[in-house]
Every structure is written in C-alpha cells, then in structure tokens.
Amino acid sequence: MPLRPASEKKILDAADELFFTNGIAATPVDAVLARAGVSAATMYRGYRSKEALVAAALTRRHHDWLATWDAAVARHDEAGPRLLAVFDALDDFRSRPTGARWCAFLASAAEYVDPPADVAEAVRLDTESLRTRLTDLARPLVGGQAEALAEHLLLVVTGDLAMRLREPTRDTTTARAVAAALVAAAGGQGR
C-alpha cells in the first residue's frame with residue numbers, strides 16, 4: 001500500500017526541515033517520525049531507508065528550486081537579467097519558510113564520503129540542472145562561450161551558497177557582482 005499524500009507530505013516536510021537544518025547524520029529517523037507524527041511502519045512503506053528518505057527530500061527540494069528559478073527568470077525580458085536571475089532565485093528560495101542555512105545538495109554531498117546511489121543521483125541531477133540551465137541562459141549573450149561562462153557561474157553560485165555557512169545573513173550581492181563581471185568579460189554586454 002503506497003503512502004497517502006498527506007502522510008508523504010508530513011514525512012517529507014519533517015525530513016527536509018531536520019536533515020537540511022540539523023544535518024543528516026545528526027538527525028535520527030525517530031526524530032523525523034516524531035516531527036511528522038507518523039509511525040515507522042508508515043514511513044518505511046514509502047521509503048526503504050533513511051537514505052531513500054534523504055533522496056526523496058532532495059528530489060522534492062530540487063523541483064521546488066527549479067520552480068523558484070523559473071519564476072525569477074520569467075520576471076525578466078532581456079538575456080542578461082534572465083541569466084543573473086539565478087541570484088534572485090537564491091534569495092527567493094532562502095526567504096521561504098522551508099529555506100535552509102545553505103544548500104541541501106552541498107550538505108548531502110559533504111555528509112556522505114561514499115553516498116548511496118539515490119542520494120548521489122539527486123546531487124548529480126541538481127548539479128547538471130544548474131549547469132544546463134546556466135548554459136542555456138548564457139547562450140543568447142555569449143554564443144559559443146556559453147558552456148565556459150556557465151562553469152564560471154556555477155562556481156560563483158556554489159561559492160555563494162557555501163559562504164552562507166560562514167555568514168548566515170549573507171545575501172547574493174557580492175556573487176551577483178562577480179557574475180555580472182564574468183558576463184561582461186565574456187562579451188555579454190549589449191548582446
């Protein structure tokens with residue numbers, strides 16, 4: 001019997017909050033069950049292990065992140081602001097009630113030396129989505145240099161997310177300025 005949608009939402013809400021705020025290793029399954037108000041039998045009906053639950057929470061977060069990024073891009077008509085909208089999305093995503101201290105995907109990658117396949121796949125999918133979307137958004141600005149610019153921007157985005165551990169109230173102002181300079185250096189002004 002599959003999980004009921006209401007139970008699944010409670011479990012994923014609890015897992016998201018606890019795993020990505022307190023840490024995966026620091027959060028026992030019992031804490032997730034208590035926060036969700038469900039039994040172990042209910043949780044294990046939907047998720048075969050703690051790692052499967054982590055992967056499901058990452059997958060849901062990934063979908064939420066992409067929707068936030070899409071909305072940020074849609075607010076702009078010109079190619080430059082559309083590319084830099086990733087920083088609007090980072091600020092928007094973080095300001096949500098379910099925002100985390102930093103990036104749940106980086107946190108998951110850091111916690112597992114040898115991640116289970118489903119967690120590794122969730123992290124890989126997030127990284128590839130960032131890379132592909134940045135490349136697609138950069139192409140109208142810099143043409144054939146889009147992949148290189150996307151790699152630079154991916155590093156800036158990742159660095160900005162990591163800096164949130166050092167400075168919890170940090171916003172994307174500095175990262176946005178660095179990214180704008182990279183776009184200009186790649187010839188992205190006025191195209």
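Above: the structure in question.
Residues numbered from 1 in each chain as written. Predicted model: local features only at pLDDT ≥ 70, side-chain atom pairs only at ≥ 80, totals over all residues. Heavy atoms only, no water.

Peer 1: Report on the side chain of arginine 164, specifying residues and quantitative values.
Peer 2: In this structure, arginine 164 sits in helix 8 (residues 146-166). Residue classification places arginine 164 among the buried positions, given a relative accessible area of 4%. Only 3.3 Å separates the side chain of arginine 164 from the side chain of aspartate 160, close enough to count as a polar contact. (Helix = DSSP H or I, 4+ residues; strand = E, 2+ residues; numbered from the N terminus. Buried < 20%, exposed > 50% of the residue type's maximum accessible area, 1.4 Å probe, protein only. Polar contact = N/O pair within 3.5 Å; in protein donor to acceptor, adjacent residues only side chain to side chain.)

Peer 1: Lay out the packing of helix 4 (residues 50-74) against helix 5 (residues 79-95) in plain terms, naming residues and giving numbers.
Peer 2: Helix 5 packs onto helix 4 with a crossing angle of 125° between their chain directions and a minimal axis gap of 8 Å. One finds that helix 4 runs oblique with respect to helix 5. Of the two possible hands of crossing, helix 4 and helix 5 adopt the one that is right-handed. On helix 5, the residues that touch Arg61, Asp64, Trp65, Thr68, Trp69, Ala72, Val73 and Ala74 of helix 4 are Arg82, Ala85, Val86, Asp88, Ala89, Leu90, Asp92 and Phe93. When its residues are assigned to classes, the contact of helix 4 with helix 5 shows 10 nonpolar, one polar and five charged. (Axes fitted to C-alpha atoms, helices over the stretch in contact; angles between N-to-C directions. Parallel < 35°, antiparallel > 145°, perpendicular 65-115°, else oblique. Left-handed = near helix turned anticlockwise from the far one by under 90°. Contact = heavy atoms within 4.5 Å. Nonpolar A, V, L, I, M, F, W, Y, C, P; charged D, E, K, R; others polar.)

Peer 1: Provide a residue-level description of the packing of helix 6 (residues 104-111) against helix 7 (residues 117-142), including the pertinent values.
Peer 2: Running from N to C, helix 6 and helix 7 point in directions that differ by 140°, and their axes come no closer than 10 Å. With respect to helix 7, the element helix 6 is oriented oblique. Like other packed secondary-structure pairs, helix 6 and helix 7 cross with a definite hand, here left-handed. Contact with helix 6, carried on its side by Phe105, Ser108 and Ala109, involves Val119, Ala122, Val123 and Asp126 of helix 7 and no other residues of that element. A class-by-class count of the residues in the contact of helix 6 with helix 7 yields five nonpolar, one polar and one charged.

Peer 1: Describe the environment of alanine 120, and please don't skip the residues or the numbers.
Peer 2: Note that alanine 120 resides in helix 7. Placed 65 residues apart in sequence, alanine 120 and alanine 55 show a C-alpha to C-alpha distance of 8.3 Å.

Peer 1: If you had to explain the packing of aromatic side chains to someone new, which residues and values would you point to?
Peer 2: For the structure shown, the criterion picks out three aromatic pairs. Between the aromatic rings of tryptophan 65 and tryptophan 69, the centroid separation amounts to 5.4 Å while the plane-to-plane angle is 35°, which identifies the pairing as tilted. Here tryptophan 65 and its partner tryptophan 69 are both found in helix 4, four residues apart, which amounts to about one turn of the helix. Summarising the burial analysis for this pair, tryptophan 65 and tryptophan 69 share the class buried. Judged by centre distance (5.8 Å) and plane angle (90°), the ring pair of tryptophan 65 and phenylalanine 93 falls under edge-to-face. In this pair, tryptophan 65 is assigned in helix 4 and phenylalanine 93 in helix 5, connecting sequence segments 28 residues apart. By relative accessible area, which is 6% here, tryptophan 65 ends up buried. (Phe/Tyr/Trp six-rings, centres within 6.5 Å; stacked < 30°, edge-to-face > 60°.)

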